[in-house]
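Close look at the chain arrangement
Chain by chain, the residues:
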Amino acid sequence: MGTPLDSREAQAVEVLDRLYEEYPDTDISLNFSTKLELLVAVVLSAQCTDERVNDICEDLFETYRSPEDYAAASEEELADDIYGITFHNNKAGYLKGIGEILVDEHDGEVPDTMSELTDLPGVGRKTANVVLQHAHDVTEGIVVDTHVQRISRRLGLTEEERPEAIEEDLMDVVPEDDWRMFTHLFISHGRATCTARSPDCADCVLADICPSERGDSSADLASGAEW
Ligand code: SF4
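Residues numbered from 1 in each chain as written. Predicted model: local features only at pLDDT ≥ 70, side-chain atom pairs only at ≥ 80, totals over all residues.

- Looking up the protein in an unreviewed UniProt entry gives the name Endonuclease III, with the organism given as Halobaculum gomorrense.

**Looking at the nonpolar core**
- Counting residues in hydrophobic clusters, the biggest one holds 50 residues, and the most contacted among them are Leu39, Val43, Leu95 and Val131.
- Mapped onto this core, the elements with two or more residues apiece are α1 (8–22), α2 (35–45), α3 (50–63), α6 (88–105), α8 (125–135), α9 (146–154), α10 (163–173) and α11 (179–192).
- The biggest single contributor to this core is α2, with eight residues.
- For this core, the two domains that each supply at least three residues are domain 1 (8–26 + 143–209) and domain 2 (35–135). (Core = buried A, V, L, I, M, F, W, Y, C linked by C-beta atoms within 7 Å. Buried ≥ 20, exposed ≤ 12 C-beta atoms within 10 Å, placed from the backbone. Helix = DSSP H or I, 4+ residues; strand = E, 2+ residues; numbered from the N terminus. Domains from an automatic or database assignment.)

**Some thoughts on the UniProt feature "binding site: [4Fe-4S] cluster" (unreviewed entry) in the protein**
- The sites that carry the UniProt feature "binding site: [4Fe-4S] cluster" (unreviewed entry) are, in the present numbering, Cys194, Cys201, Cys204 and Cys210. Taken together, the annotated residues stretch across 17 residues yet fold into one region, lying no more than 11.1 Å apart by C-alpha.
- For cysteine 194, the location among the structural elements is in the segment after α11.
- For cysteine 194, a count of 23 C-beta atoms within 10 Å corresponds to the buried category.
- Dropping the residues within four chain positions of it, cysteine 194 is found in contact with Ile151, Arg154, His189, Pro199 and Cys204.
- Here cysteine 204 is to be found in the segment after α11.
- According to the C-beta neighbour criterion, cysteine 204 is partly exposed, with 19 such atoms within 10 Å.
- Non-local contacts of cysteine 204, meaning those with residues more than four positions away in its chain, are made with Thr193, Cys194 and Cys210. (UniProt positions renumbered as here; feature names shortened; annotations may be inferred. Contact = placed C-beta atoms within 7 Å.)

Next up, the structure:
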C-alpha cells in the first residue's frame, strides 16, 4: 500500500507529473477529421471500444458527410451501417435525431455550448465535454469515463461513485490547465497498467503513493472490495 500525499490537491499534481512522464504522447484515440465526425464517433463510443468505433466509422464517414445525410437516412439504414457497435439500434436513432436537430436548429453546425450539446439525443455531459474539448477547444470540465472513475477512486482523489460527482471533486483538485489531459493520461494508465480486474501494481509508477496498491493493501478503493 502506498502513502498518498497530504492533500488531494498535492496527490493530483504528483499523479499528473508522473503520468505526463509515462505517457508523453497520449491523446484522444478516436479518428475524426470534422466536428460532426467527432460528435458521431463519441456518441457511438458509449460502452463500445474506440477500436471498434474507428473501424465502423471508416466506411460510415464516407457515406454520411453532413447532418442532412443522417437526417435523411432511415433508422434501419443507419442501424445497418453501424452494425457491430454496441446498442446499434438505439444509436441509429440518436444519429438521425442529431442530424435533424443540427439541420433544423443549428444551421448544420455542431454547437459549442454544454447546454446545446446535451440537448442532442444520446449526448450526456461526458460526450459533450469531449466534443467541446476536441472540436471547439473549450474545456468546461473533466471527462469522467470508466478509467477515470476507477483510478481516481483507487488513488484517493475522490470517494464519490457517480461520474458527475466525481467530476466535481476532480475539478476542485486538478489544475484547470490539466483538465483535458487528465482524462487521456488516466485512460492510458487504465489500459496499460491499472486495469479493472488485474492492475499491475508491481510495475506502476504510482505504487508508492497509491492507497490501493496491492502489495500489502487489502482493498481496491475503486470498489471497496478486497483484492
Ligand atoms: S496499478 Fe495499482 S498501484 Fe498503480 S494506480 Fe492502479 S491500483 Fe494503484
